[in-house]
Amino acid sequence: MLLLGIDIGTSSVKVAIVDADTQKTVALAQYPDSESPIISLQLGWAEQSPDMWWEQIQQAIVLCHSSGKYNPGDIAAIGIAYQMHGLVLVDKDQQLLRDSIIWCDSRAVEIGDKAFDTIGHQKCLSHLLNSPGNFTASKLAWVKENEPGIYARIYKMMLPGDYIGMKLTGEITTSVSSLSEGVFFDFQSNRLSKDILEYFGFSESLFPEIRPVFSDHGQLLASVAGKLGLKPGIPVAYKAGDQPNNALSLNVLNPGEVAATAGTSGVIYGVSDHLTYDPQSRVNTFAHVNYTEQQPSLGVLLCINGTGSLYRWTKNLFGSGESYQQMNDEAKQVPLGSDGLRILPFGNGAERMLNNKLVGVHMHNIDLNIHTRSHIFRSVQEGIACAFRYGLDIMRENKMNPTVIRAGRANLFLSDLFAQTFVNVTGVPVELYQNDGSVGAALGAGIGAQIYQSEKEAFQNMHPIQLIEPTDNGMEPIYLEWKNLLQQQLASQN
């Protein structure tokens, strides 16, 4: 028996086929090879076509099949992970009304800030656990205000994974976890937020039917099954945002457990069983994949918008023709601290941990006689690691004090230099695992389809492949200098 996992990233789509009995990955595919475009019609805007995601998913599934390593007829359930906070709108015929306004789009910051002030900070934080900020609710309000013709035609609003679930099954469903990441959910009343709906003037009819994350979200349409070489009627049994799903893929499900990822964005995600919130909403709290009203399981999420995206930008400008591994090898030739070069890695939209400010990327202390591209490669990795430390300190203010962080050996954690720098600057050991989001989505499907009797059973064969522990190598003074530069930059914007 096999499980199919789909991970809809910003850069590409990944698909995994997992053996349900052994939990081992049978085949993996990623599509496309190049990074997917982000449409930016104005400064701070970011959109993608949901039809592009759907086409990429189909291509990735066919690419997996072409490996010849399994019989597609043995696939018993499908799971979906997706980039969080995106807004997808369809009409009554399930046709797209516009491109998706995705997670790093900044156009709705002022709308969310005004809602925060009007509804009341304490009420928002105690009920929503977040400021409306730049989340999906504020993006929907932007469409209502600026594109009334489109808004009038909306049948359902969805998160990206809900849209792909609809394309696979014809059914439109969502979950508490998805609604909470959009800041539509009231944790005190355990329902759609009356305050958000009334303030923005949203009809409750715009929202899909709510089902548990691990449940039947519809069966694979015969027309789709025929195109993809799959059996019709397979259940879509799991849908979750990429960061809750990344935590699931690392078996981070219990209070106090913490996961990290450094893909397009960088995230630290810790699990809590308390309705916790940051007074400034710099880190955010959402319903975790295993949330129930009786046993609230919450994910406390720190997000840095531009980690892998900055390293890609650096590669395009300074490392053309180089592989990421070659860049990492070059960076290792530069001494700790990059001979004084410091980089603030914020250039991919408004940063929540910086109070929704658009800070941009800044390079400091460039010496034309000393610094080479190798210094830039190392300084970028050090700057990203320092940004993680800055955010982790905010989480520590909010009583999230990890003693170990789990991460998949992927993206920036493929760099031994970055992984050790991350550990040294945060002071927290990292366990690395050979799992990724698409594998997590496949295992989530197994849980949702009740192929596994518990989450524990789904991860019984998962073990760390490496433990990285802090070494005393002098990152603290480098971090303090970096932090001072960031504070100067933030002060200049006030």
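Residues numbered from 1 in each chain as written. Predicted model: local features only at pLDDT ≥ 70, side-chain atom pairs only at ≥ 80, totals over all residues. Heavy atoms only, no water.

### Digging into the pairing of strand E14 (residues 258-262)
Threshold: Each residue gets one of three labels from its accessible area relative to the maximum for its type: buried under 20%, exposed over 50%, partly exposed in between, using a 1.4 Å probe on protein chains only. Numbering of helices and strands runs from the N terminus; a helix is a DSSP stretch of H or I covering at least four residues, while a strand is a stretch of E covering at least two. DSSP-based pairing: two strands are paired if at least 2 bridges between them are found.
Burial of E14 is extensive: five of the five residues sit out of reach of the surface. On E14, burial covers both faces: Val258, Ala260 and Ala262 on one face and Ala259 and Thr261 on the other are all buried. Here E14 runs beside strand E15 (residues 266-272); their pairing, made up of five bridges, is antiparallel. When the bridges of E15 are listed, Ala262 appears paired with Gly266. Sheet topology places E14 next to strand E20 (residues 405-408); two bridges connect them, and they run parallel. Across the sheet, Ala260 pairs through a bridge with Ala407, a residue of E20.

### As for the pattern of salt bridges
Put simply, the test is: Salt bridge, as used here, is a side-chain nitrogen of Lys or Arg placed within 4 Å of a carboxyl oxygen of Asp or Glu.
Counted according to the given criterion, the structure contains 23 salt bridges. A salt bridge links Glu47 to Arg98, with the nearest nitrogen and oxygen atoms 3.3 Å apart. Highlighted residues: Glu47 in strand E4 (residues 47-48) and Arg98 in the loop between strand E6 (88-90) and strand E7 (100-101), separated in sequence by 51 residues. A single burial state applies to Glu47 and to Arg98, both of which are buried.

### Thoughts on the packing of aromatic side chains
For clarity, the cut-off: For Phe, Tyr and Trp, rings pair up if their centres lie within 6.5 Å, where Trp contributes its six-membered ring, and each pair is then called stacked (planes under 30 degrees apart), edge-to-face (over 60) or tilted (otherwise).
Under the definition given, this model contains 20 aromatic pairs. Between Phe135 and Phe286, the ring centres sit 5.7 Å apart and the planes meet at 85 degrees, which makes this aromatic pair edge-to-face. Of this pair, Phe135 sits in the loop between helix H3 (121-127) and helix H4 (136-146) while Phe286 sits in strand E16 (residues 284-287), and the two are 151 residues apart along the sequence. Per residue, the accessibility class of Phe135 equals that of Phe286, and both read buried. Between Phe388 and Phe422 the ring centres are 5.1 Å apart and the planes differ by 75 degrees, which places this aromatic pair in the edge-to-face class. Of the two residues, Phe388 sits in helix H13 (residues 373-397) while Phe422 sits in helix H14 (residues 416-426), which places them 34 residues apart along the sequence. We note that Phe388, like Phe422, is buried. Each residue in the set Phe184, Tyr199, Phe200, Phe202 and Phe207 is aromatic and connected to the rest through ring pairs, giving one cluster.

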